[in-house]
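Coordinates in review
Here are the chains, one letter per residue:
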Amino acid sequence: MNQKINFACLRAIVIVITVCATYKSGIFVKAHGTLPSGRVTPRLSHASKGQELTGNWAVKNPRPDGTVSKQYFNLRQEGDKIRGTIRSTQFFYSITDSTGDANAFSITASMKDGTSDRTVKYDGKLVGDELQLWTRRRPEDKPSESVARRVPDCEGAMPAKLPLPALKKLPYNGLAKTPPMGWNSWNLFKSRVNDEIVRGIADAMVTSGMRDAGYVYVNIDDTWEGESRDAHGNITTNSKFPDVKALADYVHSKGLKLGIYTSPGPNTCAGYEGTYGHEEQDAKTFASWGIDYVKYDWCGARTLYTDAEMPAVYQKFGEALQKTDRQIVYSLCQYGRQDVWKWGLAAGGNLWRTTGDISDRWDSMTRIGFSQNDLAPFAGVGHWNDPDMLEVGNGGMSADEYRTHMTLWAILAAPLLAGNDIRNMSAETKSILLNNDVIAIDQDKAGKQGERVWQQGDQEIWIRELNGGDRAIAIFNRGGANVDVTVRWSDVGFKSTPKKFRDLWARSDVKTEGPEYKVSVPMHGVVLLRAR
Ligand code: GLA
């Protein structure tokens, strides 16, 4: 496919040079058509009737951070069909169907994304030299409008796929001996994150006690990248992050570490500059900035490489990080495709996302958290399953639901990356994120991920074996009403009755005897015990 793109592009370069030269000489412009305003519109005379759509069209929307969000419609009108491609942030679609012409048209385009197909549909019309376009994200949405203008034919073309290294096993970098803890900007701030927010978060990590509880990584997610690379091909930052090195120095001065985000593709998920073709260079840049953690998000790589090529793509950057003079935690983010838990470690990864993105809702959090059972064998010291960042404190769930979230992540030995505004935490949020007994379960140095041992209807019991023989027992109630659950020790794998344990949310010690323990669990809530 990529060779096809390049060949087409080469041909197009010749055409573009001719077209651009002719356009400059002004011979294209000729009065043609009337706008609703009554203004006479110029049209390109090279386009014979029915050919007006042929060309490369771009929608360019400046972002407040000085970068430009771009979308390309590379169209060819052939008879009564419109063919070509659409490039939209990280996606690259081929037009599969069309109706109409420049006066009113519809195009449907699709792409393969791993094992699934993605489809987009646009309606449009040519008005003067503007291509007006409408699309809907979901059928029930109001159509959103954009305007595309002609650009040189090769602008925005997808680059070719790069050769990939032969697979091998990279050595362990010695980091993340327990699941990484810290904060990440994406869940709450998305593209609003900036230098000031990150500094404010770093300050609050210290004053709130988060740092001392173990949350040390302050991770900048997507949207920090500049519009283009510098003359030497170095990645740049946009106006929200004037100086990452200075920011890293600040974060380090607080006893914290700084993380950053990029993609193996030409674009990140939010459509910013990716690391494609600059793997070693970006790894070096990050090291020189003082970066301690990199999240490498598949995104724009999805149209260049197949899922089967993921291990090599991730290994390539893993090796680039290991070649730098800095110790950098390597976080793989490719949504759990291609059984990443089977090769993430060999690619140099310290953690790998196991699912799509979490959102601040009970159904999203539980769909992710409770689906992790089979992955337990793949986690261990230095390499963790990552069911995505925490939503605790973001407002979309009740306190019981957030306790379930935090408990489940601790049982799963998951990274604990808070995703809320640390500068403004309620006492309740603090009591959840800063419960040191629960954190101790997550950070247990044996590094053994917990598993489901019992399930009845909406009730589930999960157990995590801890260093020194302790066990964490989480009794979850996923149902919509409070219930009493009777834990029969023999049912949950205990040979003998634990004599005492601690209730980690009630923060009290409990004595028990007999073959079972009866406990009341609130709706969507949890009781978490640590048995000795
Ligand atoms: C993907 C990732 C998210 C976040 C965004 C940023 O969706 O899975 O965690 O990094 O990209 O664009």
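Right above here is the structure, for reference.
Residues numbered from 1 in each chain as written. Predicted model: local features only at pLDDT ≥ 70, side-chain atom pairs only at ≥ 80, totals over all residues. Heavy atoms only, no water.

Right, let's talk about the overall build of the protein chain for a bit. Regarding its fold elements, the protein chain presents eleven helices and 26 strands. With respect to the three principal axes, the spread of C-alpha positions in the protein chain is 95 × 50 × 45 Å. Looking at the protein chain alone, contacts between residues at least 24 apart form 64% of all its contacts between residues at least 6 apart. Carbon together with sulfur atoms contributes 51% to the accessible area of the protein chain, which is approximately 23000 Å² in total. If the 67 positive side-chain charges of the protein chain are averaged to one point and the 63 negative ones to another, these points end up 2 Å apart. (Helix = DSSP H or I, 4+ residues; strand = E, 2+ residues; numbered from the N terminus. Contact = heavy atoms within 4.5 Å. Areas by Shrake-Rupley, 256 points an atom, 1.4 Å probe, with all protein chains shown as cover. Lys, Arg positive; Asp, Glu negative; His and termini not counted. Charge placed at Lys NZ, Arg CZ, Asp CG, Glu CD.)

Position of K316 among the secondary structure elements: in helix α7 (residues 310-323). When its relative accessible area of 24% is taken as the criterion, K316 is described as partly exposed. Separated by 214 residues in the primary sequence, K316 and A102 have C-alpha atoms spaced 45 Å apart. In contact with K316, other than residues within four places in its own chain, are L162, P163, P165 and E279. (Buried < 20%, exposed > 50% of the residue type's maximum accessible area, 1.4 Å probe, protein only.)

With that settled, consider the sheet that holds strand β4 (residues 68-78). Spatial ordering of the closed barrel is given by β3-β4-β5-β6-β7-β8-β9-β10, a layout of eight strands whose pairing is antiparallel. Mean inter-strand twist for the sheet, computed between neighbouring axes without regard to direction, equals 30 degrees. Here β4 pairs with strand β5 (residues 81-88) via eight bridges, running antiparallel. Bridging from a neighbouring strand, Q71 pairs with S88 of β5. (Pairing = 2+ DSSP bridges. Axes fitted to C-alpha atoms, helices over the stretch in contact; angles between N-to-C directions.)

Before going further, it helps to examine the pattern of salt bridges. Tallying each qualifying case throughout the model produces 39 salt bridges. The residue K295 makes a salt bridge to D221 at a minimum N-O spacing of 2.7 Å. Of this pair, K295 sits in strand β14 (residues 293-297) while D221 sits in the loop between β12 (217-219) and α5 (244-253), placing them 74 residues apart in sequence. A relative accessible area of 10% places K295 in the buried class. Residue classification places D221 among the buried positions, given a relative accessible area of 3%. One salt bridge connects E460 with R478, and the closest N-O pair in it is separated by 2.7 Å. (Salt bridge = Lys/Arg side-chain N within 4 Å of Asp/Glu carboxyl O.)

Close to the ligand lie 13 residues; D221, D222, K295, D297 and D357 are nearest. At 2.6 Å from an oxygen atom of the ligand is found a side-chain nitrogen or oxygen belonging to D221. Side-chain polar atom of D297 to an oxygen atom of the ligand: 2.9 Å apart, as the coordinates give it. Here the ligand has 300 Å² of accessible area as a free molecule, and 93% of this is covered by the chains. Grouping the amino acids of the shell around the ligand by side-chain chemistry returns seven nonpolar, no polar and six charged. (Near = heavy atom within 4 Å. Polar contact = N/O pair within 3.5 Å; in protein donor to acceptor, adjacent residues only side chain to side chain. Nonpolar A, V, L, I, M, F, W, Y, C, P; charged D, E, K, R; others polar.)

Next up on the list: the sheet that holds strand β21 (residues 471-477). Pairing is antiparallel in the open sheet, where six strands are placed in the order β19-β20-β21-β26-β23-β24. Of all the strands in the sheet, the pair left with one neighbour each is β19 (451-456) and β24 (508-511). Strand after strand, the sheet turns through a mean of 25 degrees between neighbouring axes, direction not considered. Pairing of β21 with strand β26 (residues 526-531), which is carried by six bridges, proceeds in the antiparallel orientation. In the strand pairing of β26, I475 is matched with V527. Here helix α9 (residues 399-411) sits on the sheet and contacts β20 (459-465), β21 and β26; the angle it forms with β21, its principal contact strand, is near 145 degrees.

Contact pair helix α8 (residues 362-369) / α9: the axes reach a minimum separation of 11 Å and the direction vectors enclose 20 degrees. In this view, α8 runs roughly parallel relative to α9, as classed from their interaxial angle. The two elements α8 and α9 cross, and the hand of that crossing is left-handed. Residues W362, M365, I368 and G369 of α8 touch α9, and the partners they reach there are E401, T404, H405, L408 and W409. Counted by class, the contact of α8 with α9 contains five nonpolar, three polar and one charged residues. (Parallel < 35°, antiparallel > 145°, perpendicular 65-115°, else oblique. Left-handed = near helix turned anticlockwise from the far one by under 90°.)

Turning our eyes to something else, we now look at the packing of aromatic side chains. Inspection of the entire model under this criterion finds 20 aromatic pairs. Measuring from ring centre to ring centre gives 5.2 Å for Y217 and Y293, while their planes differ by 50 degrees; the resulting arrangement is tilted. One end of the pair, Y217, is in strand β12; the other, Y293, is in strand β14, and 76 residues separate them in sequence. For the pair formed by Y217 and Y293, the shared burial category is buried. Every member of this aromatic cluster is reached through a ring pair, and the members are Y296, W298, Y305, Y314, F317, Y330 and W343. If you follow R63 out to its NZ or CZ, it ends over the ring of Y272, 3.9 Å from the centre. Residue placement shows R199 over the ring face of Y250; its charged tip is 4.9 Å from the ring centre. (Phe/Tyr/Trp six-rings, centres within 6.5 Å; stacked < 30°, edge-to-face > 60°. Lys NZ or Arg CZ within 6 Å of the ring centre and 35° of its normal.)

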